Amino acid sequence: MENSQNQEAEDSPYLCFQRTPSLRRKWRKRYGGLDGNKLLEPNKDPDMKDDGGMTDRIQQRSGENQVDSAPRPAPRCLIQNQVQTAVQSPVQRPISLVSPGPAVTSSNGCLKPPLPQAVVQPEDRGPPPPQPWFPPQQNPSRRRAAADVLFDSFASDGRINVNQFFEAIWSSGLHRSDPRLRECFFHLRKLQDAEGSVDRNTFHRCVTGFVSLILKALQGRFVIPDFSTFTEETQKLFSRCRQLSSVQEKENMDSTKWGVSICTVDGQRLSLGDWAGSLVLGEVSWPLVYGVAVDLLGSDLVHRYVGMEGYSGYDSPFTLTKTGIPHSPLTETGAIVTTSLLQLAGRLSAEEEEKFDSVLNVIRRLCNKEHVSLNCSSFQSSRKSSVRLQALSFYLQEKKCFPEKADITAALDLMLQCSSTEITCESGAAMAASLANGGLCPLSGDQVLSPAATRNMLSMMQVAGMKDYSTTFHYKTSVPAVSSSHGSLLAVVPGVLGLMAFSPELDACGNPWRAVHFCQELISTFQLHSFDIRTPFRQILAYRQWKAESEGYQIMNVLLAAFKGDVQALRRYFLSGVDVNAVDYDGRSALHVAAAEGHTEVIRFLLENAGANGALQDRWGSSPLQEARRNNREAAVRLLQGAV
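Residues numbered from 1 in each chain as written. Predicted model: local features only at pLDDT ≥ 70, side-chain atom pairs only at ≥ 80, totals over all residues. Heavy atoms only, no water.

*Asks:* Before we go on, may I ask you to explain the overall build of the protein chain in this structure?
*Replies:* If you tally the helices and strands in the protein chain, you get 29 helices and 12 strands. Per-residue burial for the protein chain yields a buried fraction of 48% across its 644 residues. Counted over contacts in the protein chain with a minimum sequence separation of 6, partners at least 24 positions apart contribute 69%. Within the structure as shown, the protein chain displays about 32,500 Å² of accessible surface, and the carbon and sulfur contribution to it stands at 51%. (Helix = DSSP H or I, 4+ residues; strand = E, 2+ residues; numbered from the N terminus. Buried < 20%, exposed > 50% of the residue type's maximum accessible area, 1.4 Å probe, protein only. Contact = heavy atoms within 4.5 Å. Areas by Shrake-Rupley, 256 points an atom, 1.4 Å probe, with all protein chains shown as cover.)

*Asks:* Sorry if this is basic, but what is going on with the nonpolar core here?
*Replies:* Inside soluble globular proteins, nonpolar side chains tend to come together where they are buried. M431, L490, L497 and L499 are the most contacted members of the largest nonpolar core, which has 94 residues in total. By size, the runner-up hydrophobic cluster in this structure holds 59 residues, among which are L188, I555, A610 and L625. (Core = buried A, V, L, I, M, F, W, Y, C linked by side-chain atoms within 4.5 Å.)

*Asks:* Honestly, the sheet that holds strand β8 (residues 372-374) in this entry has me stumped. Any pointers?
*Replies:* Adjacent strands of a sheet form backbone hydrogen bonds with each other and so pair up, either parallel or antiparallel. Spatially, the 3 strands line up as an open sheet ordered β7-β9-β8, and their pairing is antiparallel. Two strands bound the open sheet, and with one partner strand each, they are β7 (279-280) and β8. The sheet contact formed by β8 and strand β9 (residues 421-423) spans 3 bridges and is antiparallel. Residue V372 lies in a different strand from β9, and its bridge partner there is I423. (Pairing = 2+ DSSP bridges.)

*Asks:* Teacher, can you tell me more about unusual backbone geometry here?
*Replies:* Apart from glycine, the bulk of residues carry a negative phi angle, and the bulk of peptide bonds sit in the trans form. In this model, D157 sits at a positive phi of 60°, which is unusual for a non-glycine residue. With respect to the helices and strands, the residue D157 is situated in the loop between α6 (140-154) and β3 (160-161). Positive phi is not limited to glycine here, since Q527 has a value of about 55°. Within the secondary structure layout, Q527 lies in the loop between α23 (513-525) and α24 (551-564). Using a relative accessible area of 3% as the deciding quantity, one classes Q527 as buried.

*Asks:* Any chance you could explain the packing of aromatic side chains here in plain terms?
*Replies:* The geometry of an aromatic ring pair is captured by two quantities: the separation of the ring centres and the angle between the planes. Per the counting criterion, the structure on display carries 13 aromatic pairs. Relative to F230, the ring of F227 lies with its centre 5.6 Å away and its plane at 35°, an arrangement referred to as tilted. Of this pair, F227 and F230 are both found in helix α11 (residues 227-243), 3 residues apart, which corresponds to roughly one turn of the helix. Neither F227 nor F230 differs from the other in exposure class; each is buried. Both rings, one in W258 and one in F518, keep their centres 5.8 Å apart while their planes meet at 75°; by these two values the pair is edge-to-face. (Phe/Tyr/Trp six-rings, centres within 6.5 Å; stacked < 30°, edge-to-face > 60°.)

*Asks:* Hey, could you run me through the packing of α11 against α23 in this one?
*Replies:* Two quantities define a packed helix pair, namely the angle between the helix axes and the distance between the axes. As a packed pair, α11 and α23 sit with axes 10 Å apart at the nearest point and diverge in direction by 145°. Here α11 and α23 pass one another in a crossing that is right-handed. Between α11 and α23, the contacting residues are T234, L237, F238, C241 and R242 on the first element and R514, H517, F518, E521 and L522 on the second. Considering only residue class, the contact of α11 with α23 consists of 5 nonpolar, 2 polar and 3 charged. (Axes fitted to C-alpha atoms, helices over the stretch in contact; angles between N-to-C directions. Left-handed = near helix turned anticlockwise from the far one by under 90°. Nonpolar A, V, L, I, M, F, W, Y, C, P; charged D, E, K, R; others polar.)

*Asks:* Mind showing me how you'd approach the pattern of salt bridges here?
*Replies:* Side chains that differ in charge, positive against negative, can pair when their charged atoms come close. Overall, the coordinates contain 16 salt bridges when judged by the stated rule. One salt bridge connects R200 with D152, and the closest N-O pair in it is separated by 3.0 Å. Highlighted residues: R200 in helix α9 (residues 200-207) and D152 in helix α6, separated in sequence by 48 residues. Assessed through its relative accessible area of 30%, R200 is described here as partly exposed. Note that E627 and R588 form a salt bridge whose closest N and O atoms lie 3.2 Å from each other. Taken together, the residues E627 in helix α28 (residues 624-630) and R588 in the loop between α25 (567-575) and α26 (590-597) connect sequence positions 39 residues apart. Per residue, the accessibility class of E627 equals that of R588, and both read buried. (Salt bridge = Lys/Arg side-chain N within 4 Å of Asp/Glu carboxyl O.)

*Asks:* Just to check I follow, could you spell out the pairing of strand β5 (residues 259-264) for this structure?
*Replies:* In the case of a regular strand, side chains alternate between the two sheet surfaces. For β5, the tally of buried residues reaches 6 of 6 residues, placing the bulk of the element in the interior. Burial of β5 is two-sided: the residues G259, S261 and C263 facing one way and the residues V260, I262 and T264 facing the other way are all buried. Note that β5 and strand β6 (residues 269-273) share 5 bridges and pair antiparallel. Bridged to I262 within β6 is L270. Where β5 folds back onto β6 in an antiparallel hairpin, the turn is made up of 4 residues, including G267, whose phi is positive at roughly 90°. As paired elements, β5 and strand β12 (residues 497-502) share 6 bridges and run antiparallel to each other. The partner of G259 across the bridge, within β12, is F502.

The structure is reproduced here in structure tokens:
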């Protein structure tokens, strides 16, 4: 019995993948058993070499089977020695937790699952060296199969239109200047013919290395799946906020500037209004300096010199905690002390002039190396009027708040340089998205700040980023944010998106009131509050990751997309592995519905790209062609007659 179990587990290690729902039978028949969710998984069969030979693992299995087929079981000590020898053998591969491995015989003769790799590693093998982050590499055969699916979903007469292909990608929210698709876009544009189309081989050469991101965009697996509806609702909200005005704004025409830029953790981008204008960071740079200090020195060392309390408008800035340190790194005194701590970091340059370059490089990497530079005129003007900061630094020096051998003048210059750094709303949104993604830039894959430093940074923004309005803003939105007296506001929805808004008009607390109102309405409209319960009737405005849909729900959505004439939604379900020939309780398929409504684009996609069956009949015996004739859809009749 034990040998039969071993043989069954070894002969069919992928038995769990054979139980596929009936909805995807046509997909397996056409594309070799690959569905949309498992389409990009790496090849999990480690037992075959490239030349077709067996690996050492299979040879070892055959040896174990011969031992198990002996008439008498081996002694327990011998089995233990065999297990130890197999663990210490240098030629055996470490057992992967992803792919199912062979059953391991324990000392009591029972079968148990394979051990993790960390358990079977030899003791003399040290920890693996840290490797830089790269996108997951897929097997070439799987990537080619995925490229075939993409080509079939867009192809017409054996060729694919490049403009149509990229328009479908841009509609998912990705920007045309996205560095992840820049090379693919360039090569397809270069190799297209006079009609703007390419053949299958050219499409494979240009798309195979980017198929994972493209499929994720077209399947709607981004954090905001329906980005077009999100854009429409956000534009309405932006227009309503633009119409708000005050008495001071009517007198000052420059205060009418209003811009917003949004970037998600998947790289989806939206910019509205005056987003291209340059703006100075100001107080927005304080949490960035704090994050760099925590990343270099650790939170324990940083908070020996600065507290972590919420913002409170004291009567005088010359106030410290009971332990004699500034209340928060997001106050003037706390920002001065935090900047002076950067002199203790060994990884920063020794020269004071190069320390700002190191901090500026961190900001640039967070912004995906977009528009980030030093505004020299703003720095010189703020340096001339820095009497207040010098007085605060002398007070802190008297109270011994600075670390030993700290250069106060250099710390003030570095703080003013960071505050005088200028960005745009678009680059600021990319920076906010990097913070929402745990310090990892979603556009470049660069891990700029550690997740722990990013968490501490967002926590301080949540309790003290909005000055006296911090508690009220946290009550209404529950998201970290920071604003400056120059009119900029940076808000972060962890795991979802980041935004940068600019409006010069300030309220009584020193925050841009129009940007504050926009953030509050955005959080409320899309149910992004931490304590929101996303009710079903508002699910259309809750743009979270789509959950796994049942078979009946998928059929209903496919028929609804055919009824509306939504080719993009049908392509999304087709790429996800849904059978377009699935029928409802009346036996009507998506082709029946599209023929009855006369949507020629949907009919053409279902017949030419998705391989729909035009001869299906519903429970009344009607085919799609008969449905088109009954509803007087002449164009649909011609298409269906050509297919038949």
